[in-house]
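So the chains spell out like this:
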Amino acid sequence: MSNIPSELKYVTSHEWVRNEGDGTVTVGITEHAQGLLGDMVFVELPEVGEAVSTGDDICVAESVKAASDIYAPVSGEIVEVNEELEDSPELVNSDAFGDGWLFKIKLDDAGELDDLLDAEGYANSIDED
Amino acid sequence: MTNKTVLHAKHLESGAKMVDFYGWEMPINYGSQIEEHHAVRTDAGMFDVSHMTIVDVQGNDAQKFLRRLVINDVAKLATPGKALYTGMCNEEGGVIDDLIIYYFSETNYRLVVNSATREKDLAWMSKQSEGFDITITERPEFGMIAVQGPEAKAKVANLLTPAEIVAVEGMKPFYGVQVGDLFIATTGYTGEDGYEIIVPDSAAEDFWQKLLKVGVKPCGLGARDTLRLEAGMNLYGLDMDESVSPLAANMAWTISWEPEERNFIGREVIAAQRAAGDQPKLVGLVLEEKGVLRSHQKVVTEFGDGEITSGTFSPTLEHSVALARVPRSVKVGDTVEVEMRKKLVKVQVTKPSFVRNGKKVF
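- As annotated in an unreviewed UniProt entry, chain B carries the name Aminomethyltransferase and comes from Litorilituus lipolyticus.
- Quoted verbatim from the Sequence similarities (unreviewed entry) field of the UniProt record, the comment on chain B reads "Belongs to the GcvT family."
- Its UniProt record, at the heading Subunit (unreviewed entry), says of chain B: "The glycine cleavage system is composed of four proteins: P, T, L and H."

- Under an unreviewed UniProt entry, the name given to chain A is Glycine cleavage system H protein, and the source organism is Litorilituus lipolyticus.
- Its UniProt record gives chain A the following Function (unreviewed entry) comment, quoted word for word: "The glycine cleavage system catalyzes the degradation of glycine. The H protein shuttles the methylamine group of glycine from the P protein to the T protein."
- In its Subunit (unreviewed entry) section, the UniProt record describing chain A reads: "The glycine cleavage system is composed of four proteins: P, T, L and H."

## A closer look at the overall build of chain A
Phase 1 of the analysis: Helix and strand counts for chain A come out as 4 helices and 9 strands.
Phase 2 of the analysis: When the helices and strands of chain A are listed from N to C terminus, the series reads β-β-β-α-β-β-β-β-β-α-α-β-α.
Phase 3 of the analysis: A globule of 129 residues ought to have a C-alpha radius of gyration of about 14 Å, and chain A, at 13 Å, matches this closely.
Phase 4 of the analysis: With the C-alpha coordinates aligned to their principal axes, the bounding extent of chain A is approximately 35 × 30 × 20 Å.
Phase 5 of the analysis: Per-residue burial over chain A gives 52% buried out of 129 residues.
Phase 6 of the analysis: A fraction of 59% describes how many contacts in chain A between residues 6 or more apart in sequence connect residues 24 or more apart.
Phase 7 of the analysis: Counting only carbon and sulfur atoms, one obtains 41% of the accessible surface of chain A, whose full area is about 6,000 Å².
Phase 8 of the analysis: On chain A, the mean spot of the 5 positive side-chain charges and the mean spot of the 32 negative ones are 5 Å from each other.

## Notes on the sheet that holds strand 19 (residues 343–350) of chain B
Residues and elements named next belong to chain B.
Phase 1 of the analysis: The strand order around the closed barrel formed by 6 strands is 14-17-16-15-18-19, and the pairing between neighbours is antiparallel. Ignoring which end each strand starts from, the neighbouring axes of this sheet average 40° apart.
Phase 2 of the analysis: Bridge analysis of strand 16 (residues 304–314) against strand 17 (residues 319–326) gives 7 bridges, and the strand direction is antiparallel. Paired with Phe313 across the bridge in strand 17 is Ser320.
Phase 3 of the analysis: Helix 8 (residues 221–230) rests against strand 16 and strand 17 of the sheet, and its axis sits at about 125° to strand 16.

## What to know about the UniProt feature "binding site: substrate" (unreviewed entry) in chain B
Phase 1 of the analysis: The UniProt record marks B:Glu196 with the feature "binding site: substrate" (unreviewed entry), using the residue numbering of this structure.
Phase 2 of the analysis: Tracing the backbone shows B:Glu196 in strand 12 (residues 194–200).

## Brief notes about helix 3 (residues 62–69) of chain B
Residues and elements named next belong to chain B.
Phase 1 of the analysis: When helix 3 is considered as a whole, its buried residues turn out to be Ala62, Gln63, Phe65, Leu66 and Leu69. One side of helix 3 carries all its buried residues, which in axial view fall inside an arc of 160°.
Phase 2 of the analysis: Those residues of helix 3 that are buried are in contact with strand 4 (53–58), strand 5 (83–89), strand 6 (95–105), strand 7 (108–113), helix 4 (118–128) and strand 8 (135–138).

## A short note on the packing of aromatic side chains
Residues and elements named next belong to chain B.
Phase 1 of the analysis: The final tally for this structure, using the stated rule, is 11 aromatic pairs over all chains.
Phase 2 of the analysis: Relative to Tyr109, the ring of Tyr103 has its centre 5.6 Å away and its plane inclined at 55°; by these criteria the two rings are tilted. With respect to class, Tyr103 is no different from Tyr109; both count as buried.
Phase 3 of the analysis: What links up through ring pairs into an aromatic cluster is the set Tyr102, Phe104 and Phe183.
Phase 4 of the analysis: The ring centre of Phe183 lies 5.3 Å from the NZ or CZ of Arg110, which sits over that ring.

## Some details on the interface of chain A and chain B
Phase 1 of the analysis: Listed per partner, the contact involves 15 residues of chain A and 11 residues of chain B.
Phase 2 of the analysis: Regarding the contact of chain A and chain B, the summed buried area is about 1,300 Å², with carbon and sulfur atoms giving 48% of it.
Phase 3 of the analysis: Of the charged contacts, one joins A:Glu62 and B:Arg294 as a salt bridge, the two residues approaching to 2.7 Å between their closest N and O atoms.
Phase 4 of the analysis: Counting across the interface, chain A meets chain B through 11 residue pairs in polar contact (both at pLDDT 80 or more).
Phase 5 of the analysis: Partitioned by chemical class, the residues of the side of chain A that touches chain B number 8 nonpolar, 2 polar and 5 charged.

## Focus on the side chain of B:Ser314
Phase 1 of the analysis: For B:Ser314, the position within the fold is in strand 16.
Phase 2 of the analysis: Under the relative-accessibility criterion, B:Ser314 is labelled buried at 0%.

## Examining the environment of B:Met240
All names here are of chain B.
Phase 1 of the analysis: Inspection of the secondary structure puts Met240 in the loop between helix 8 and helix 9 (267–276).
Phase 2 of the analysis: Residue Met240 is classed as buried on the basis of its relative accessible area of 0%.
Phase 3 of the analysis: With 56 residues separating them along the chain, Met240 and Ile184 place their C-alpha atoms 28 Å apart.
Phase 4 of the analysis: Look past the residues within four positions of Met240 in its chain and what remains in contact with it is Tyr85, Val95, Asp98, Asn234, Leu235, Ala249, Met251 and Arg325.

Cut-offs and rules
Residues numbered from 1 in each chain as written. Chains lettered and ligands numbered in written order. Predicted model: local features only at pLDDT ≥ 70, side-chain atom pairs only at ≥ 80, totals over all residues. Heavy atoms only, no water. UniProt positions renumbered as here; feature names shortened; annotations may be inferred. Helix = DSSP H or I, 4+ residues; strand = E, 2+ residues; numbered from the N terminus. Rg over C-alpha atoms; globule rule 2.2 N^0.38 Å. Buried < 20%, exposed > 50% of the residue type's maximum accessible area, 1.4 Å probe, protein only. Contact = heavy atoms within 4.5 Å. Areas by Shrake-Rupley, 256 points an atom, 1.4 Å probe, with all protein chains shown as cover. Lys, Arg positive; Asp, Glu negative; His and termini not counted. Charge placed at Lys NZ, Arg CZ, Asp CG, Glu CD. Pairing = 2+ DSSP bridges. Axes fitted to C-alpha atoms, helices over the stretch in contact; angles between N-to-C directions. Arc of directions from axis to C-beta. Phe/Tyr/Trp six-rings, centres within 6.5 Å; stacked < 30°, edge-to-face > 60°. Lys NZ or Arg CZ within 6 Å of the ring centre and 35° of its normal. Buried area = accessible area lost by both parts, 1.4 Å probe. Salt bridge = Lys/Arg side-chain N within 4 Å of Asp/Glu carboxyl O. Polar contact = N/O pair within 3.5 Å; in protein donor to acceptor, adjacent residues only side chain to side chain. Nonpolar A, V, L, I, M, F, W, Y, C, P; charged D, E, K, R; others polar.

If you want it as structure tokens, here you go:
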């Protein structure tokens, strides 16, 4: 079983969400997801300033194996993207929950966080895959 | 029922991620497919290819049978141990499989065919063998390890006895030699120097362990695919199958048209296609900007549409490359378009070969 930090929130489509406590969240893909995708070769990030709605496909992770859409786990505005990934997409593989983060969203509605899965809920959703 | 190779436990010991490959549980990678790829281009890597099917064809009519069975002519083989790459076609000129044939004598040949096509290959050979004085013997009691890369031969030499070293010394590419328990061939599927070694099941784990110890990196099917694609080598099932002519799969060079009276299976159809000049062809595509070309994407050209047969990110070139089947009028150097995620993206047409011996070749 791969690592699923308990302080994060999750979506069944394998994104993780960290509440930064200042109205913004950081989003990445889980260790489990990067393992399924294999070595990352390109990450096409959203534009800073873009308004996104929950469930929009806003980012593409291209691995050696496949191109995968990454979905907005919450609604809001993209306030920052991880530019390091431009030259080092492999950070998504080596540190999925840390340096491999994808983008930050300024929340429209902090209440949306309550709809996300906790670590246990996400672990169960993987088991069902 | 899932088959496991004799090296299955060794893969788990090395932390392999295992996947199903046509009924075989095989390593896809041991952590990073890209690192494994680079190991083969710059040093030495090894692949468990024990799932591949070894078939010995022996008997008075062995040569006669193979001259009928495959599109290349085994009568060209005169030096014992010499290997030949070719295809086996059906009566309609479609590729049943691609294979390597090792020649030992006119009554003794060894074939290595794909594992994914094992059953239909054996059934086809058996059916075609009617009336020929031959035996067809599958050899499942062997493992096979491909050791590939610029340092591969030097590292393997550490494991060989003095007699074995003498036997492989100065071996040219595309030869195989039996030395003691080992069948050592200078063949491969990566575009690098190296060996493919057939080893009895009982000795396979030990041989693998010794290779690990001299610093040969275990590599999975993932790296095997990016390496073969960079080298422009076909993968059966993607780049060709029974619906595809060898002329449309960059396999024309594996057909021997002389002597004219050699009536190989599919000859009539393929000869007519050749005369008509209407078959599509397999070319290389290069995308230097972001994005990865993938199998089945549509290729748009001024002469009509084509299709990517296999595409990947090339770890050596750091951009995407692909093999694609396109109308014959498309030329090397042309710019064509590929439909990627609903957008048309411009790509360059090249020969279907991108990297050999660690270097870009287009």
